[in-house]
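# Close look at the chain arrangement
Read off the chains here:
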Amino acid sequence: MTTTIPKYSQKPICVVSGVGSGTGTGNACARLFGKRGYRVALIARYIESLQAAVTEINGYEGGEAAAFPITQYNKAEVSRVFKEIKAKWPGAEIRVAIYNTGHRVAKPFLELTQHDIGKCPAAAAATSLLSDLSCWANFLADRASEKSTDESVQTNILGGFAFSQEAILSFREYAINELGNRGVLIFTSATSAWRGNPTMAAFAAGKHGVRALSQSLNKEFGKQNIHVAHAIIDGPIITKITRKTFGTPEWDTNPDIVLNPADIATAYWYLAHQPRSAWTWEIDLRPAHETW
C-alpha cells in the first residue's frame, strides 16, 4: 500500500467532517492524511475538538490544517463551509472527502420523539451561532436525552446528501490523477446499515440511508472516475467517551475486542489510494474477536 500521495500542482485537500470528541475516527484520519501530505479541512460542531486537532496537525513538519465550524449539517451550512475551504487554499484541489458525521439514537421505538434541532436561542441566524458556539454546545448537551428521528435523519442522510453534492461537484472539476480518480468520497457507517435491532430503529434507518446513498453514488459517478466508498465499523472504537463507558486499561489496549482509530484511518488511506482497476465500494472493519 502506497504511503505517498499522487502528484498535483500543489498540496491537495482532505476534508474530514465529524471530529467529535477529538479522539476517534475523524481525528485519526485527519492526523494520518495531514502527516502524509494533505492539507486537512476539519468540520465539526464542537470548536474545542477542531482547534486541538488543527494545532496538532500544524505541528507536523509541513502540516497544514484549518478548522471550519458548522452549526448544522444542512445544504446551506455545508455549502458555506466548502466555499470557505476553497477560499482558504485557492487553487488547491479537494481530492478526498470523508463523511464521518453521524447521530446515534438508542431508544425504544415507542419512546422516540421528533423535534426541531434548531431551537438554540442563538439560532435566529447562522452568523450568531458561529459567534456563539458555546450556546450550540449547551443546547446539544441539554437535548442529549431527547435524541430523535429528526436528528438521525438530518445528520446521517440529509447531511450526507449535502456533503456528497459539494464533494462531487468539486471532484468533477479536476483531471484524473495517476491512480485513475478525480476524487474519493468515503462514508463512515455502522453495523446498523446492514441490520436493525431493538432500540435502534432511528439509527438503523439513518445508516441504511447512508449505505443506499453511497452505493447509488458509486454506481452513478464511478463512470466519471469518482470513487465512493462505504465503511462499516462493526465494534467499539477507542475514544474518550468509550474509555469512560468501558473503563478498564485491558479493554482499550486489547486489539482483539476494540477498534483502534489509527488502524481505521489506515484502512481509509488504503480506500483513498486504490488503483481504478480494483476499487472497493464497501469495507467492513471489526476486531478479531467481535461477534457477527
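Residues numbered from 1 in each chain as written. Predicted model: local features only at pLDDT ≥ 70, side-chain atom pairs only at ≥ 80, totals over all residues. Heavy atoms only, no water.

It is worth spelling out the overall build of the protein at this point. Scanning the protein from N- to C-terminus turns up 10 helices and 7 strands. Classification of the 292 residues of the protein by burial places 53% in the buried group. Element-wise, carbon and sulfur atoms account for 54% of the exposed surface of the protein, whose accessible area totals about 13100 Å². (Helix = DSSP H or I, 4+ residues; strand = E, 2+ residues; numbered from the N terminus. Buried < 20%, exposed > 50% of the residue type's maximum accessible area, 1.4 Å probe, protein only. Areas by Shrake-Rupley, 256 points an atom, 1.4 Å probe, with all protein chains shown as cover.)

On average, residues of the protein carry a pLDDT of 81, and 78% of them reach 70 or more. Every residue in residues 115-147 is under pLDDT 50, and counting partners more than four places away or in other chains gives 46 contacts. (pLDDT = per-residue confidence, 0-100. Contact = heavy atoms within 4.5 Å.)

Moving on: the pattern of salt bridges. Between side chains of opposite charge, a pair can form as their charged atoms come close. Tallied over the entire structure, the rule returns 10 salt bridges. With its nearest N and O atoms 3.3 Å apart, the salt bridge here joins Glu64 to Lys11. Taken together, the residues span a long stretch of sequence, with Glu64 in strand 3 (residues 64-69) and Lys11 in the segment before strand 1 (13-17) at a distance of 53 residues. With relative accessibility at 25%, the residue Glu64 sits in the partly exposed group. For Glu166, the salt bridge goes to Lys75, with nearest N and O atoms at 3.2 Å. In this pair, Glu166 is assigned in helix 6 (residues 149-171) and Lys75 in helix 3 (residues 75-88), connecting sequence segments 91 residues apart. Note on Lys75: relative accessible area 38%, which makes it partly exposed. (Salt bridge = Lys/Arg side-chain N within 4 Å of Asp/Glu carboxyl O.)

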